[in-house]
Amino acid sequence: MSRMDKMAAATDQMGVYDADLDDLSAMLFADARPLQFDVTGRIVIPADLLRHAGIRDTAVFIGRGNSFQIWEPNAFRRAQEKSLSNLRSARPNLIVGH
């Protein structure tokens, strides 16, 4: 089952009249689309997504567990600094099973 299928199944578990369902469904699926690959198997990122991310010449790939994100390098540094600041304040406790 693909990640998109898993997210769709999870939203199917929400109540039909759940006030958050429309917003969540729109956020997850409204702009979703399959990506194209070039002849060598590389992902071709659509121009509108590159513009949205502010990516021009350089991008960084950031691992996110079972997935990854593609960022404009300076935007990632700013987001990472904010995340680190949030984590220092919240001091979450990650429990890893045996």
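These numbers were taken from a predicted model, which means no experiment stands behind them.

(A) Spotlight on the side chain of Glu72. Mapped onto the elements, Glu72 comes out in the loop between strand S4 (67-71) and helix H4 (73-90). The buried charged residue Glu72 lacks any salt bridge, with Arg78 as its nearest oppositely charged partner at 4.7 Å. Polar contacts involving the side chain of Glu72 include one to the main-chain amide nitrogen of Asn74, which spans 2.9 Å. What Glu72 contacts, discounting residues up to four positions off in sequence, is Ala53, Gly54, Ile55 and Thr58.

(B) Inspection of the pairing of S4 at higher detail. Pairing geometry for strand S3 (residues 60-64) and S4, over five bridges, is antiparallel. By the bridge assignment for S4, Ile62 is matched with Gln69. Hairpin connection of S3 to S4: two residues between the antiparallel strands, including Gly65 at a positive phi of 70°.

(C) Geometry of H4. Across its 18 residues, H4 extends 25 Å between first and last C-alpha, which sits within 8% of the 26 Å expected from 1.5 Å per residue. The complete set of buried residues in H4 reads Pro73, Ala75 and Phe76. Seen end-on, H4 carries its buried residues on one side only, within an arc spanning 140°. Exposed residues lying more than 90 degrees from the buried face of H4 are Arg78, Glu81, Lys82, Arg88 and Ser89. Residues of H4 that are buried in the fold lie against S3 and S4. The N-capping residue of H4, defined by a side-chain oxygen 2.9 Å from the backbone nitrogen of Asn74, is Glu72. Count one or two residues on from H4 and you reach Arg91, which has phi positive near 45°.

What counts and what doesn't
- Residues numbered from 1 in each chain as written.
- Predicted model: local features only at pLDDT ≥ 70, side-chain atom pairs only at ≥ 80, totals over all residues.
- Heavy atoms only, no water.
- Helix = DSSP H or I, 4+ residues; strand = E, 2+ residues; numbered from the N terminus.
- Buried < 20%, exposed > 50% of the residue type's maximum accessible area, 1.4 Å probe, protein only.
- Lys, Arg positive; Asp, Glu negative; His and termini not counted.
- Salt bridge = Lys/Arg side-chain N within 4 Å of Asp/Glu carboxyl O.
- Polar contact = N/O pair within 3.5 Å; in protein donor to acceptor, adjacent residues only side chain to side chain.
- Contact = heavy atoms within 4.5 Å.
- Pairing = 2+ DSSP bridges.
- Expected span 1.5 Å × (residues − 1).
- Arc of directions from axis to C-beta.

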